[in-house]
Amino acid sequence: MRPRQPREHPPSRRRELHDDAPPVRFVRHPAHEPARRQPVHPLDRAAVPQLGPLREPPDRRRRPRRHAAHGEEELAGYEVHAAWRVTPAGAYPRRRGVRDSLHLPDDPMGDATAASHLLGREGLAHLLRALRDDGYRLVGPTVRDGAIVHAEIGGLEDLPAGWTETQEAGTYRLARRADAALFGYAVGPQSWKPFFYVPRRRLFRTRRTDDGFTVEADDAPPPKLALVGARSCDLHAIEVQDRTFLRGPFVDPDYAARRQDLFVVAVHCGQAGGTCFCVSMQTGPRATFGFDLALTELVDAPHRFVVEVGSERGRALLERVPTEPASAADRARAEAVVAATARSMGRTMDTRDIKALLYRNPEHPRWDDVASRCLACTNCTLVCPTCFCGTVEDVSDLAGETAERWRRWDSCFTLGHSYLHGGSVRGTVRSRYRQWLTHKLASWIDQFGTSGCVGCGRCITWCPVGIDITEEVAAIRAADGATATA
Ligand code: SF4
Ligand code: SF4
């Protein structure tokens, strides 16, 4: 039998289906009250010792950094977006560790680099070999199909030495650098999402037998992963996805299994992409949590890396690698690299009062404008490191001997995603784009206590028609309160 296809409805019917209803606030069922659940918090090793290491580095926990105020004066050395300088109370909760990213020009080290080490190129190769010897599967950046993608790597030789990229709305191009930097790019099309929330996965298979059927679960243990070159925005995105898959009413066992025993070698960004806006979203460019080791790459001769320790595991690994203490000059140079990246964001987004802004503009004419350009191709949701929608499909063989249930990524841009009895709730591209953007930047805050956007810019770069989330928000803000007349 052919599966039933979702169908478009005439405009009058769409209205009946609440196409343009204001955002719905979901209320937790009493059975799911926090006190009745077993919360699984991946940042808490005591609660879930097998999960890690997304947590504050121990050094920072012992000696939290204090700044006098988050005002203009404090950040006078940074020419960055106003929303980053002063985040109004209530815009959305400040992210963990964000204060540590606000290092001042006159205090360039902060506390995080107090005990940093220096690693040469050979030392980094040694470190990657040590991780492999410990049974980790290395995944990191490598050049493939005209892009820098995350894939399994053998070692240093597979990293994108001397490569960078240019990114703009709807544009991505690889380019050669003048040096041999290993991490001299911003972010590629992939985040780390596919390694934890896999795009397509068989949940189980049933097989006909003489007296009924058997069910075979697909629960092969996943490999132990070491992420090489994780950026701060992507570490924030992992934390956001953890809220969905680990810290909600239900724990996703496959996601939890893939997340456990993770080793993270982070890289503080030395270059911002043309579509990056992590500074506006307070998620970078300095990694402030969630890593075992964090590198700052210094490309002036000799090519070297300033290394920060973020966990005891990271410290233990580093002890097996030839390093030397980082000099004050090297630490200052590393800090300057990150500060320069913060000043060169390709995009900014004014996040002041953004939740209320979007909630009070469900009829803004900009939704029609963007709908006239959007192809509903789903690219933006597939490249987004925080999007988590999925669907399940059942397939059977022609002989009727086996049937399988698969889970695969879905997108709120498809008609089928909101298909209920009688049709799709969001029958227009206007309503689907509005749902995506409003969820990402507003209702996500109600749902998870954080923004759903980490400012990686992927949705801008990989949108085939160059729709830019920062531009859409700015347009709504510029004509706040405007109402569609059509
Ligand atoms: S915004 Fe761009 S990437 Fe997203 S669905 Fe529309 S056309 Fe595709
Ligand atoms: S909405 Fe766009 S910029 Fe924000 S996290 Fe997703 S892909 Fe990155």
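The shown structure was predicted, so the numbers you read here are calculated from the model rather than taken from an experiment.

**Q** Residue-level account of the overall build of the protein chain, with values.
**A** In terms of helices and strands, the protein chain carries 16 helices and 16 strands. When each of the 486 residues of the protein chain is scored for burial, the buried share is 41%.

**Q** Describe the site of ligand 1, and please don't skip the residues or the numbers.
**A** In the vicinity of ligand 1, the residues found are Cys374, Leu375, Ala376, Cys377, Thr378, Asn379, Cys380, Phe413, Cys463, Pro464, Val465 and Ile467. Grouping the amino acids of the shell around ligand 1 by side-chain chemistry returns 10 nonpolar, 2 polar and no charged.

**Q** An account of the nonpolar core is requested, with residue identities and associated values reported.
**A** Membership of the largest hydrophobic core comes to 98 residues, with the highest contact counts inside it found for Ala226, Leu227 and Ala266. No fewer than three residues from each of domain 1 (43–342) and domain 2 (351–478) sit in this core. Residues contacting Leu227, with those up to four places away along its chain left out, are Val139, Trp192, Leu262, Val264 and Val265.

**Q** Describe the packing of helix α12 (residues 366–373) against helix α14 (residues 429–448), with residues and values.
**A** Across the interface, α12 lies against α14 with an axial gap of 8 Å and an inter-helix angle of 110°. By the criterion of interaxial angle, the relationship of α12 to α14 is roughly perpendicular. Facing Trp367, Asp368, Val370 and Ala371 of α12, the residues of α14 in contact are Val429, Arg430, Tyr433 and Arg434. Tallied by class, the residues present in the contact of α12 with α14 amount to 5 nonpolar, no polar and 3 charged.

**Q** Tell me about the site of ligand 2, residues and numbers included.
**A** The local shell around ligand 2 holds 13 residues, among which Cys384, Cys453, Cys456, Arg458 and Cys459 are the closest. Here the residues of the shell around ligand 2 sort into 8 nonpolar, 3 polar and 2 charged.

**Q** Just give me the short version of α14, but keep the residues and values in it.
**A** Taking the largest bend as the criterion, α14 deviates by roughly 60°, centred on His439. Turning to α14, its buried residues are Arg430, Ser431, Arg432, Tyr433, Arg434, Trp436, Leu437, Lys440, Leu441, Ala442 and Trp444. Its buried side turned inward, α14 meets α11 (354–359), α12, α13 (379–383) and α16 (469–478). Gly449, located one to two residues past α14, shows a positive phi value of around 75°.

**Q** Explain the environment of Ala376 residue by residue, including any values.
**A** The topology assignment puts Ala376 in the loop between α12 and α13. Among residues more than four places away in sequence, those in contact with Ala376 are Phe413, Val429 and Arg432.

**Q** Hey, could you go over the pairing of strand β11 (residues 304–309) for me, with residue numbers and the actual values?
**A** For β11, a buried count of 6 out of 6 residues is recorded, marking the element as mostly surrounded by other parts of the structure. Here β11 shows no split at all, with Arg304, Val306 and Glu308 on one side and Phe305, Val307 and Val309 on the other all buried. Taken together, the 4 bridges between strand β1 (residues 117–120) and β11 define a ladder with antiparallel strand orientation. Across the sheet, the residue bridging to His117 is Val307, located in β11. Across 6 bridges, strand β10 (residues 293–298) lies against β11 in antiparallel orientation. Bridge pairing links Leu298 to Arg304 in β11. Hairpin connection of β10 to β11: 5 residues between the antiparallel strands.

**Q** Account for the confidence of the model for the protein chain, naming residues and giving values.
**A** Averaged over all residues, the pLDDT of the protein chain is 81; the fraction at 70 or higher stands at 76%. In this model, residues 8–114 is a region of pLDDT below 50 whose contacts with residues beyond four sequence positions or in other chains number 163 contacts.

**Q** So what's going on with the sheet that holds strand β7 (residues 212–217)? Which residues, and what values?
**A** Here 4 strands make up an open sheet; going across it, the order is β7-β6-β14-β13 and the pairing antiparallel. Every other strand in the sheet has two partners, leaving β7 and β13 (390–396) as the edge strands with one partner each. When strand polarity is set aside, the average angle formed by the axes of neighbouring strands in this sheet is 20°. The pairing of β13 with strand β14 (residues 402–409) spans 7 bridges and is classified as antiparallel. Bridge pairing links Glu393 to Trp406 in β14.

**Q** I'd love a proper account of the pairing of strand β8 (residues 225–230), names of residues and values included.
**A** The two faces of the sheet receive side chains in turn, since in a regular strand these alternate between them. With 6 of 6 residues buried, β8 is to be regarded as a mostly interior element. The pairing of strand β2 (residues 137–144) with β8 spans 3 bridges and is classified as parallel. What sits directly across from Val139, in β8, is Leu227. In the sheet, β8 pairs with strand β9 (residues 263–267) via 4 bridges, with the strands oriented parallel.

**Q** Please provide a residue-by-residue account of helix α6 (residues 232–245), values included.
**A** Helix length check: α6, at 14 residues, gives a terminal C-alpha distance of 20 Å against a target of 20 Å (1.5 Å per residue), a fit within 8%. When we look at burial in α6, the residues that qualify are Ser232, Cys233, Asp234, Leu235, His236, Ala237, Ile238, Glu239, Val240, Gln241, Asp242 and Phe245. On the buried face of α6, the contacting elements are α5 (193–196), β8, α7 (253–259), β9, α8 (278–281) and α14.

**Q** Describe the sheet that holds β9, with residues and values.
**A** Strands sit in the order β3-β2-β8-β9-β10-β11-β1-β12 across an open sheet of 8 strands; the sheet is mixed. Every interior strand has two partners, whereas the edge strands, β3 (147–152) and β12 (324–325), have only one. By the bridge criterion, 2 bridges tie β1 to β12 in an arrangement that is antiparallel. In the sheet register, His117 faces β12, and the bridge partner there is Pro325.

**Q** Would you mind going over unusual backbone geometry in detail, with residue names and values included?
**A** Here the amide bond leading from Gly284 into Pro285 is cis, since omega sits at 5°, within 30 degrees of zero. Tracing the chain through its elements places Pro285 in the loop between α8 and β10. Following Ala301, the chain continues into Pro302 via a peptide bond in cis, with omega recorded as -5°. Relative to the helices and strands, Pro302 resides in the loop between β10 and β11. With phi around 60°, Asp261 is a residue other than glycine that occupies positive phi space.

Parameters and conventions
- Residues numbered from 1 in each chain as written.
- Chains lettered and ligands numbered in written order.
- Predicted model: local features only at pLDDT ≥ 70, side-chain atom pairs only at ≥ 80, totals over all residues.
- Helix = DSSP H or I, 4+ residues; strand = E, 2+ residues; numbered from the N terminus.
- Buried ≥ 20, exposed ≤ 12 C-beta atoms within 10 Å, placed from the backbone.
- Near = placed C-beta within 6 Å.
- Nonpolar A, V, L, I, M, F, W, Y, C, P; charged D, E, K, R; others polar.
- Core = buried A, V, L, I, M, F, W, Y, C linked by C-beta atoms within 7 Å.
- Domains from an automatic or database assignment.
- Contact = placed C-beta atoms within 7 Å.
- Axes fitted to C-alpha atoms, helices over the stretch in contact; angles between N-to-C directions.
- Parallel < 35°, antiparallel > 145°, perpendicular 65-115°, else oblique.
- Bend = angle between axes of the 7 residues up to and from the residue.
- Pairing = 2+ DSSP bridges.
- pLDDT = per-residue confidence, 0-100.
- Expected span 1.5 Å × (residues − 1).

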